[in-house]
Amino acid sequence: MSNRYIPRREFLSKLATAGLGFLISSTIGNIQSGWSSSEGYDIVIGSDSHIDLGQESTASMESFVTDMNQNLRPKEIFCLGDLLHNATVEEYKTYREFRDRLNAPVWECPGNHDHDPKLSNEENLVRFRELLDYDNHFYSHLLGNNLFILLADERQKNLPGGLSYAGYMEPEQVAWFEDTLKMNQDKNIIVLSHQSAKGTTVMSEQSNMQMHPTNELERILNTYRVDLWFSAHAHSGFDHKSAHADMFVKKGPTTFVQVASISKRYNTNRTQSRFISLVEGTKEVLIRSRDHDVQTFDESLDAVVSLNYPVSLTATAVDLSEQLVTTWGWMKESAANRLQYW
Ligand SMILES: [Fe+2]
């Protein structure tokens, strides 16, 4: 199932270095000058497509795919779980058909709805890996000096008492996450997950909206720097202005961002995602809010957040054995303390 990685590697090897000269100052705030997407390395972070073969979910995904290919043309796309609604093989097949039409590599993590209730936790994770071509359901993705860490909701059966759709990381993943952060503090760190870290963005005070175990994640976040953490699950649309202040939350060195949803389920009523742009030599990252149905950004929601280091899209990385790896490589960890580069 590893043939999917070949086109990604070929794709990445063809990428040109992003342009220079885009300067914005502020931590979180409105953009202060005009923006041309040609100046940055553009990435779209979407979530919650909830494909269930029904008309709404497939129409919303169609809107997303069309906007990606015709207008935004990002270099990479992340989808933060609840890709499917019931996680059946048929739903995976439909999702794959949409994904295969996207003109950019797509990186996913599993959410609660990517667990078929008829299967065990492990059976669901096997299904995720096999049907989406991953060697592991949690992994990291390196772009120059920027490390994207994708966390997985590994448990929907046998959640701790009182929880029913919260996220849960098993001890192996928690240890891997901590090790990965520890080893990569010389890079910008961007975490992506379905559920949110406790007490950060909208609705994350509720246990069922959080990634667990919360005490372990809080300890890790208090020990190692994370620059940006994107999460979803809440389906809060950008037009929900009263909640927008809770969609960008700065806590310590970390800016937490709520992604909204591709599906219109749960009264979202619009098909939305976040668009970010990394620019060579700058710490500032532009984050925009996209409505895919009307194919426009809501400029009033443009935000700029700061990373720890200026982006270097041509930086090399060093693995644990101190061997240099390729500039545009991506890496995955199949076990704690073991890195493999592609
Ligand atoms: Fe969810």
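Residues numbered from 1 in each chain as written. Predicted model: local features only at pLDDT ≥ 70, side-chain atom pairs only at ≥ 80, totals over all residues.

*Asks:* Tell me about the sheet that holds strand 4 (residues 139–143), and name the residues and values.
*Replies:* Strands pair in a sheet through their backbones, by hydrogen bonds, and they do so in one of two ways: parallel or antiparallel. Pairing within the open sheet is mixed, and its 6 strands lie in the order 4-5-7-9-11-10. What marks the edges here is a single partner per strand, and that holds for strand 4 and strand 10 (248–251). Shown here is a sheet whose adjacent strand axes are inclined to one another by a mean of 20°, direction ignored. Pairing geometry for strand 9 (residues 228–231) and strand 11 (residues 254–258), over 4 bridges, is parallel. Looking across to strand 11, one finds that Leu228 is bridged to Thr255. (Pairing = 2+ DSSP bridges. Helix = DSSP H or I, 4+ residues; strand = E, 2+ residues; numbered from the N terminus. Axes fitted to C-alpha atoms, helices over the stretch in contact; angles between N-to-C directions.)

*Asks:* Mind laying out the confidence of the model for the protein chain, listing which residues take part and the relevant values?
*Replies:* It should be kept in mind that the predicted coordinates are not to be read in detail where pLDDT is low. Predicted confidence across the protein chain gives a mean pLDDT of 82, with 79% of residues reaching 70 or more. In the predicted structure, residues 1–37 sits below a pLDDT of 50 and forms 58 contacts with residues beyond four places in sequence or in another chain. When the criterion is pLDDT under 50, residues 318–342 qualifies, and its contacts beyond four places in sequence or with other chains add up to 51 contacts. (pLDDT = per-residue confidence, 0-100. Contact = placed C-beta atoms within 7 Å.)

*Asks:* Kindly report on the environment of Asn124, identifying the contributing residues and their values.
*Replies:* For Asn124, the position within the fold is in helix 4 (residues 121–132). Assessed through the 23 C-beta atoms surrounding it within 10 Å, Asn124 is described here as buried. Beyond its immediate sequence surroundings of up to four residues, Asn124 is in contact with Ala87, Asp114, His115, Asp116 and Leu119. (Buried ≥ 20, exposed ≤ 12 C-beta atoms within 10 Å, placed from the backbone.)

*Asks:* Please give an account of the nonpolar core that cites residues and values.
*Replies:* General note: in soluble globular proteins, nonpolar side chains tend to be found buried as a group. Within the largest apolar cluster, 78 residues are counted, with the highest numbers of intra-cluster contacts made by Ile45, Leu80, Ile149, Leu150, Leu151 and Leu192. Setting aside anything within four residues of it in sequence, one finds Leu80 in contact with Ile45, Ser47, Cys109, Leu192, Ser193, His194, Phe230, Ser231, Ala232 and Val259. (Core = buried A, V, L, I, M, F, W, Y, C linked by C-beta atoms within 7 Å.)

*Asks:* Describe unusual backbone geometry, naming the residues involved and giving the relevant values.
*Replies:* In this structure, Pro213 follows His212 across a cis peptide bond, with omega equal to 0°. If you trace the backbone, Pro213 turns up in the loop between strand 8 (211–212) and helix 6 (214–223).

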